[in-house]
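Coordinate inspection notes
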Amino acid sequence: MILVTGASGQVGRQVLEDVVKTTKPVKAMYRSPEDGRNAPTGVATVIADFADRASLAKALQGIDTIYLVCSPIPQLVELESNVIEACKQAGAGYVVLNSALGAGDYPKSFPSWHRQVEDKLKASGLRYAIFRPNSFMQNIAAYNAPSIRAQGGFYSAMGDAKLSLIDVRDIAAIVAKALTNPAVFAGKIIELNGPEAFSYTEIAAKISRVAGRTVQFVNIPEAAQRQGMLDLGMPEWQVNALLELQQYYTVAGKGAEVLPPIKDYLGRTPITLDQYLNENKDLFRSQAAGA
């Protein structure tokens with residue numbers, strides 16, 4: 001039996017859908033009954049919280065394999081460590097961990113938190129597979145679509161740095177394979193990069209083409225980006241972490257890798273940035289056009 005945690009999240013929800021398609025027995029974990037009502041038809045649900053060890057013990061009864069994913073919050077190390085300990089006690093022998101690009105070599109920001117969990121998992125005695133995905137294509141819409149619609153542009157201190165963005169659907173497809181084929185994936189740590197790397201200027205040009213309007217990327221000083229995020233109400237810890245991660249992309253240039261080719265794990269052509277943007281072009285059209 002497979003347990004998918006974070007089943008209401010961006011990646012977890014897609015992982016659950018892909019595992020369901022394999023017809024392997026699976027349960028979905030949610031933090032509240034309200035979230036659980038959104039489970040796919042016919043999928044059994046469990047309600048548990050990473051901070052509540054008793055609820056974890058109950059959720060893991062009869063579970064052999066678990067997909068472990070947590071929101072990027074300061075408590076990530078503690079919460080995911082709770083799950084690893086609970087897996088050991090419950091006898092769930094195989095953990096597929098959603099880590100992050102940079103966990104192997106960047107001692108700051110979100111990657112450093114994920115590395116601590118990776119080390120905990122590797123020392124646990126459990127079988128594991130660890131995935132380190134690059135930034136999501138979906139983040140373009142989540143973080144930049146509002147200013148693109150309102151002002152025709154988006155802003156950051158990325159300069160000319162390139163990113164090989166990856167679609168969440170491709171991450172989920174590979175994770176689902178790892179969950180259902182432990183003999184192939186167990187013991188592996190795999191970095192997941194998109195098929196192509198683009199600068200924000202190049203991404204702005206692509207958005208312009210699909211949205212039928214001029215969209216610009218405006219490079220700004222990091223101090224201005226920091227203040228802008230704080231003005232939007234983002235907590236300081238999150239601003240610091242995001243800017244440190246951005247430095248990994250800009251100063252170290254580590255976000256532009258396209259290896260290993262994800263098509264080797266997918267068994268199909270990966271989703272391209274052009275495809276993602278074309279599917280979501282309405283998100284980037286002006287507010288007046290959408291009115």
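Residues numbered from 1 in each chain as written. Predicted model: local features only at pLDDT ≥ 70, side-chain atom pairs only at ≥ 80, totals over all residues. Heavy atoms only, no water.

Some thoughts on the packing of aromatic side chains
As a reminder, the rule being used: Aromatic rings from Phe, Tyr and Trp, with only the six-membered ring used for Trp, were paired whenever their centres fell within 6.5 Å, and each pair was classed as stacked if the ring planes differed by under 30 degrees, edge-to-face if by over 60, and tilted otherwise. For helices the rule is a DSSP run of H or I covering at least 4 residues; for strands it is a run of E covering at least 2, with both sets numbered from the N terminus onward. Each residue is assigned to one of three classes by its accessible area relative to the maximum for its type, calculated with a 1.4 Å probe on protein chains only: buried under 20%, partly exposed between the two thresholds, exposed over 50%.
Using the criterion set out here, one finds nine aromatic pairs in the structure. Their ring planes at 40 degrees and their centres at 6.2 Å tell us that Trp-113 and Trp-237 sit as a pair that is tilted. Placement of Trp-113 in helix H5 (residues 109–122) and of Trp-237 in helix H11 (residues 236–250) is noted, with a sequence separation of 124 residues between them. Among the residues examined, Trp-237 registers a relative accessible area of 32% and is labelled partly exposed. The interplanar angle of 55 degrees and the centroid separation of 6.1 Å between the aromatic rings of Phe-131 and Phe-185 together place this pair among those described as tilted.

Remarks on the environment of Glu-80
For the record, the criterion: What makes two residues a contact is simply this: any of their non-hydrogen atoms within 4.5 Å.
Structurally, the position occupied by Glu-80 is in helix H4 (residues 76–90). Expressed as a C-alpha distance, the spacing of Glu-80 and Thr-22, which sit 58 residues apart in the sequence, is 26 Å. Other than its neighbours up to four places away in sequence, Glu-80 contacts Leu-68, Val-69, Cys-70, Leu-97 and Val-117.

Quick look at the pattern of salt bridges
To keep it simple, the criterion reads: Salt bridges are counted wherever a side-chain nitrogen of Lys or Arg sits within 4 Å of a carboxyl oxygen of Asp or Glu.
Inspection of every chain in the model, using the stated rule, returns 15 salt bridges. Between Asp-119 and Lys-122 there is a salt bridge, with the nearest N and O atoms lying 3.8 Å from each other. Residue Asp-119 and its partner Lys-122 are located together in helix H5, separated by three residues, close to a single helical turn. Given the relative accessible area of 36%, Asp-119 is considered partly exposed. The exposure class assigned to Lys-122 is partly exposed, which follows from its relative accessible area of 32%. For Asp-274, the salt bridge is made with Lys-206, and the minimal N-O distance between the two is 2.9 Å. Taken as a pair, Asp-274 in helix H13 (residues 273–279) and Lys-206 in helix H9 (residues 200–211) lie far apart in primary sequence, 68 residues in all. Through salt bridges with shared partners, one network takes in Glu-85, Lys-88 and Lys-120.

Digging into the state of the cysteines
Formally: Cysteine sulfur atoms that pair up within 2.5 Å are treated as a disulfide.
Applying the stated criterion across every chain, the model contains zero disulfides. Considering cysteine sulfurs only, Cys-87 is the nearest to Cys-70, which forms no disulfide, with 14 Å between them.

Details of the packing of helix H1 (residues 10–21) against helix H7 (residues 168–180)
Here is the rule: Angles shown run from 0 to 180 degrees and are taken between the N-to-C directions of axes, each axis being a line fitted to C-alpha atoms and, for helices, limited to the stretch in contact. An angle below 35 degrees is read as roughly parallel, one above 145 as roughly antiparallel, one from 65 to 115 as roughly perpendicular, and any other as oblique. Handedness of a helix crossing follows the sense of rotation of the near helix relative to the far helix, less than a right angle counterclockwise being left-handed and clockwise being right-handed.
Where H1 meets H7, the axes come as close as 8 Å, and the angle between the chain directions of the two elements is 50 degrees. Comparing their axes, H7 and H1 come out oblique. In this structure, H1 crosses over H7, and the sense of that crossing is right-handed. Residues Gln-10, Val-11, Gln-14, Val-15, Asp-18 and Val-19 of H1 touch H7, and the partners they reach there are Val-168, Arg-169, Ile-171, Ala-172, Ala-173, Val-175, Ala-176 and Leu-179.

Things to note about H1
For clarity, the cut-off: By this rule, a helix spans an expected 1.5 Å times one less than how many residues it contains.
If you check H1, its first and last C-alpha atoms are 18 Å apart, about what twelve residues at 1.5 Å a residue would give, namely 16 Å. Structurally, H1 contributes buried residues whose contacts are with strand S1 (2–4), strand S2 (26–30), strand S4 (65–68), strand S5 (94–98) and H7. In the stretch just after H1, Thr-23 is the one whose phi turns positive, near 70 degrees.

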